[in-house]
Each structure stands twice: as C-alpha cells, then as structure tokens.
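Below are the chains, spelled out letter by letter.
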Amino acid sequence: MAPRRYDPERRQRIIDAAIRVVGGKGLAGLSHRSVATEADVPLGSTTYHFKTLDELMVAALRQTNEGFAEMVAARGALEDPRVDLAGELAGLMGAWLAGERTGVELEYELYLAALRRPALRPVAAAWIQGLVDPLARRTDPVTARALVALLDGICLQVLLTGGTYEETYAREVLGRLIGGHGNGAGG
C-alpha cells in the first residue's frame with residue numbers, strides 16, 4: 001500500500017472543481033464522482049472533505065459570494081455618504097455583469113438552489129445581509145432590503161433574457177427607490 005500523500009490544497013481544488021462542474025453542466029451535473037474527475041482526485045477525497053453534496057454546494061456558494069463581496073469592498077464607495085448611492089450601485093452591478101457572464105450565472109444558480117436545498121439558505125441569507133447592512137447605513141433597513149431585491153431582479157432579468165445591462169436605467173430606478181436617502185435621489 002502506497003503511503004498517503006500530503007495534499008493541503010486538495011479541499012480547495014475540490015471546491016474549485018465543483019464550481020467548474022456547475023458552471024459547465026449545471027447543478028444537475030454535480031456529483032461527488034463528477035467533481036472527483038474534474039479535480040483529478042480519488043472519489044474518496046471528495047466524500048472525505050464533503051460528506052454530502054449539500055456541504056460541497058455550501059462551500060462553492062460561499063466561495064462565489066466572496067468574489068462579489070470583494071468587488072464591493074474594493075470599490076469602497078457604499079460607505080461614503082458623498083458618493084451617489086444609486087450611481088454606485090448601478091456601476092457595481094454593471095462591473096459585475098461585465099465580467100465573465102458564466103460566473104455570474106453560476107453564482108445565481110447556486111444562490112437559487114437554496115430554494116430546494118435548505119442547507120444553502122443560511123449562505124444565501126448571509127450574502128443578502130452582507131449587502132443590506134452597508135445599504136441600511138446609507139438609507140434605512142426597509143429601503144436597503146428593497147434595493148437588494150431590485151438589484152437581484154435586474155440581474156436576473158438580464159441573465160434570463162440574455163439582454164444587455166442598461167446602467168442608466170438601473171441608476172434611475174435605484175434612485176427612485178432611494179428617494180431622499182443616500183445622496184442618490186435619482187436626478
């Protein structure tokens with residue numbers, strides 16, 4: 001019997017492989033076997049690190065959420081009261097949608113999988129709350145939740161129709177919702 005090889009990056013490679021599998025084949029193509037093949041690891045490695053597919057999907061969703069959170073943090077403008085909030089949100093969404101469209105679709109596929117997989121719900125809720133919290137500091141909690149819902153709706157419409165993101169439209173409707181809050185009253 002060969003000695004066990006130390007592989008500290010294996011867990012991460014498995015998560016990355018799961019994201020690629022879902023990106024290429026959708027959630028229906030996700031299995032321990034398909035991920036093991038994609039990651040070039042033994043099947044037992046995937047089940048060792050992730051006992052269930054839900055555990056693997058939670059890890060994949062957390063990782064995809066981190067990308068969006070990093071983009072929000074890198075821009076840093078949501079916290080600045082001098083920045084036009086509607087314009088910043090519209091620009092943020094434009095930057096996200098301007099990237100690899102497959103990646104955005106993957107994030108939404110994992111995010112919406114929470115409808116049928118309760119294990120994913122806390123991760124999806126954390127993503128929502130992570131955007132609501134800074135927006136609530138600029139507006140109020142109810143407006144912040146409505147803004148996140150509007151952002152989701154605009155993104156989903158663009159993704160589902162294959163349409164082009166219209167930043168001017170997004171800024172206008174976000175500004176209408178923000179109203180007198182957040183230096184972004186729409187005009």
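Residues numbered from 1 in each chain as written. Predicted model: local features only at pLDDT ≥ 70, side-chain atom pairs only at ≥ 80, totals over all residues. Heavy atoms only, no water.

**Student:** Account for the packing of aromatic side chains, with residues named and values stated.
**Tutor:** This model, assessed by the stated rule, comprises three aromatic pairs. Plain terms: the ring middles of Trp 96 and Tyr 108 are 5.6 Å apart, the flat faces sit at 45° to each other, and that makes the pair tilted. A residue pair is termed long-range when its members are at least 10 positions apart, and Trp 96 in helix 5 (residues 85-98) and Tyr 108 in helix 6 (residues 101-112) qualify at 12 residues. Judged on exposure class, the residue Trp 96 and its partner Tyr 108 are both buried. Here a set of aromatic residues connected by ring pairs shows up, and it is made of Trp 96, Tyr 108, Tyr 111 and Trp 127. (Phe/Tyr/Trp six-rings, centres within 6.5 Å; stacked < 30°, edge-to-face > 60°. Helix = DSSP H or I, 4+ residues; strand = E, 2+ residues; numbered from the N terminus. Buried < 20%, exposed > 50% of the residue type's maximum accessible area, 1.4 Å probe, protein only.)

**Student:** Quick rundown of the confidence of the model for the protein? Include the residues and the values.
**Tutor:** When pLDDT is averaged along the protein, the result is 86, and 93% of the positions lie at 70 or above. The lowest-confidence element of the protein is helix 6, averaging 80 in pLDDT; the highest-confidence one is helix 9 (residues 167-178), averaging 96. (pLDDT = per-residue confidence, 0-100.)

**Student:** Break down the pattern of salt bridges for me, citing the residues and quoting the values.
**Tutor:** Summed over all chains, the structure comprises six salt bridges. Between Arg 137 and Glu 79 there is a salt bridge whose closest N-O contact spans 2.9 Å. Taken together, the positions of Arg 137 in helix 7 (residues 121-138) and Glu 79 in the loop between helix 4 (53-75) and helix 5 put the pair 58 residues apart, joining distant regions of the chain. What makes Glu 79 partly exposed here is its relative accessible area of 47%. (Salt bridge = Lys/Arg side-chain N within 4 Å of Asp/Glu carboxyl O.)

**Student:** Quick rundown of the side chain of Thr 139? Include the residues and the values.
**Tutor:** For Thr 139, the position within the fold is in the loop between helix 7 and helix 8 (141-161). By relative accessible area, which is 13% here, Thr 139 ends up buried. Among the polar contacts listed, one links the side chain of Thr 139 to the backbone oxygen of Leu 135, at a separation of 2.8 Å. (Polar contact = N/O pair within 3.5 Å; in protein donor to acceptor, adjacent residues only side chain to side chain.)

**Student:** Residues and numbers for the packing of helix 1 (residues 10-25) against helix 4, please.
**Tutor:** At a closest axis distance of 9 Å, the pairing of helix 1 and helix 4 adopts a crossing angle of 85°. Judged on the interaxial angle alone, helix 4 and helix 1 are roughly perpendicular. Two secondary-structure elements touch here, helix 1 through Gln 12, Ile 14, Ile 15, Asp 16, Ala 18 and Ile 19 and helix 4 through Leu 56, Ala 59, Ala 60, Gln 63 and Thr 64. Of the residues assigned to the contact of helix 1 with helix 4, the class counts are seven nonpolar, three polar and one charged. (Axes fitted to C-alpha atoms, helices over the stretch in contact; angles between N-to-C directions. Parallel < 35°, antiparallel > 145°, perpendicular 65-115°, else oblique. Contact = heavy atoms within 4.5 Å. Nonpolar A, V, L, I, M, F, W, Y, C, P; charged D, E, K, R; others polar.)

**Student:** Lay out the environment of Phe 50 in plain terms, naming residues and giving numbers.
**Tutor:** The topology assignment puts Phe 50 in the loop between helix 3 (43-49) and helix 4. Since its relative accessible area comes to 1%, Phe 50 is described here as buried. Phe 50 has contacts with Arg 11, Ile 14, Ile 15, His 32, Glu 55, Leu 56 and Ala 59, leaving out every residue within four places of it along the chain.

**Student:** Account for the side chain of Glu 107, naming residues and giving values.
**Tutor:** Tracing the chain through its elements places Glu 107 in helix 6. Given a relative accessible area of 15%, Glu 107 falls into the buried group. Not counting residues within four places of it along the chain, the set of residues in contact with Glu 107 comprises Leu 61, Thr 64, Phe 68 and Trp 96.

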